[in-house]
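# Examining the three-dimensional arrangement
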Amino acid sequence: LDHLDELRKRLFVAVASLFVGFLLAFGFIGPIERFVMVPLLETLPEGGTFIYTEPTEAFFVRVKIAALVGLLISTPVVFWQFWRFVAPGLYGNEKKLAIPFVAISSLFFIGGCLFSHFLLFRIAFGFLGGFSTEYMTFTPRMQGTFSLYVRLMLACGVVFQMPTLVLFLARIGLVSAGFLLRNTKYAVLIIAIVAAVLTPGGDPVTMTLMAAPMFGLYALSIGIAWVVAPRRKDDDG
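### What to know about helix α9 (residues 184-198)
Every α-helix carries 3.6 residues per turn, so stepping three or four residues along brings you back to the same face. Between its first and last C-alpha, α9 extends 21 Å over 15 residues, near the 21 Å set by a 1.5 Å rise per residue. Among all positions of α9, only A187, I191 and A195 are buried. Projected down its long axis, α9 carries its buried residues within an arc of 70°, all on one side. Turned more than 90 degrees from where α9 packs its buried face, K185, L189 and V197 sit exposed.

### Some thoughts on the environment of Q143
Locating Q143 in the fold gives a position in helix α6 (residues 142-159). For the pair Q143 and F60, spaced 83 residues apart in sequence, the C-alpha to C-alpha distance is 8.6 Å. Ignoring sequence-local partners within four residues, the contact set of Q143 consists of E57, V61 and K64.

### Thoughts on the nonpolar core
Among the nonpolar cores identified, the biggest contains 57 residues, and L40, I65, W83, F146, Y149 and M210 are the most heavily contacted of them. Those elements that place two or more of their residues in this core are α2 (29-41), α3 (57-86), α5 (98-128), α6, α7 (162-171), α8 (177-182), α9 and α10 (204-228). The dominant element in this core, judged by the number of residues it contributes, is α5, at ten residues.

### Comments concerning the pattern of salt bridges
Tallying each qualifying case throughout the model produces six salt bridges. Residue E6 is joined to K9 by a salt bridge in which the shortest nitrogen-to-oxygen separation is 3.9 Å. Residue E6 and its partner K9 are both found in helix α1 (residues 2-27); the two are separated by three residues, about one turn of the helix. Accessibility expressed as a relative area gives 40% for K9, which makes it partly exposed. For R62, the salt bridge is made with E33, and the minimal N-O distance between the two is 2.9 Å. A residue pair is termed long-range when its members are at least 10 positions apart, and R62 in helix α3 and E33 in helix α2 qualify at 29 residues. Looking at E33, the relative accessible area reads 18%, which means it is buried. A single salt-bridge network, built from bridges that share partners, covers E6, K9 and R10.

Parameters and conventions
Residues numbered from 1 in each chain as written. Predicted model: local features only at pLDDT ≥ 70, side-chain atom pairs only at ≥ 80, totals over all residues. Heavy atoms only, no water. Helix = DSSP H or I, 4+ residues; strand = E, 2+ residues; numbered from the N terminus. Expected span 1.5 Å × (residues − 1). Buried < 20%, exposed > 50% of the residue type's maximum accessible area, 1.4 Å probe, protein only. Arc of directions from axis to C-beta. Contact = heavy atoms within 4.5 Å. Core = buried A, V, L, I, M, F, W, Y, C linked by side-chain atoms within 4.5 Å. Salt bridge = Lys/Arg side-chain N within 4 Å of Asp/Glu carboxyl O.

In structure tokens, the structure reads:
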């Protein structure tokens, strides 16, 4: 019961930070909307624009944009609350990872979202919308487009947590650089499967763009594991 009460407390603080972030973002929704929409418009054919078919659709897209930016603003608080929840079950030396965990997890989550915004979504959406012909014109709805945008962004944010996870597991001795190197072939297979699952459209271009940074993150994770793992005589993993 004490543990459930602690979970309730941490969830309350995390949700409150999300709400504060949402209010801050909604207060500046004009420039934020332009920041989101301009790259999306650039993926459309010349003169193309998005449409909406329901009276409330454009308004709720703005609300969703504010909620997404609110999540990014509150990311450090959310990760800190997660750490505070699991910290009582850790050893003293493991609790020292609090600041590195929160800093690195927040940095990589936001980095994954920016990767999706500036690169992944623009290329993927440009590819998917590039099949217009003389008898077929691409006129996407804003709601469906933004839903795809959010799914890809959150997927990249989660995928980019790989170095954070390896940092923690390597520091407590559950994985090592040697272990990761020896299992690279399995990692490649898992990454391909994860990229296929996380890619909403299932097209090869988006899957490749999703998998490429994951391979780079896996290589980075091997380096992180080598640096932070406790030094032992037998480093066979």
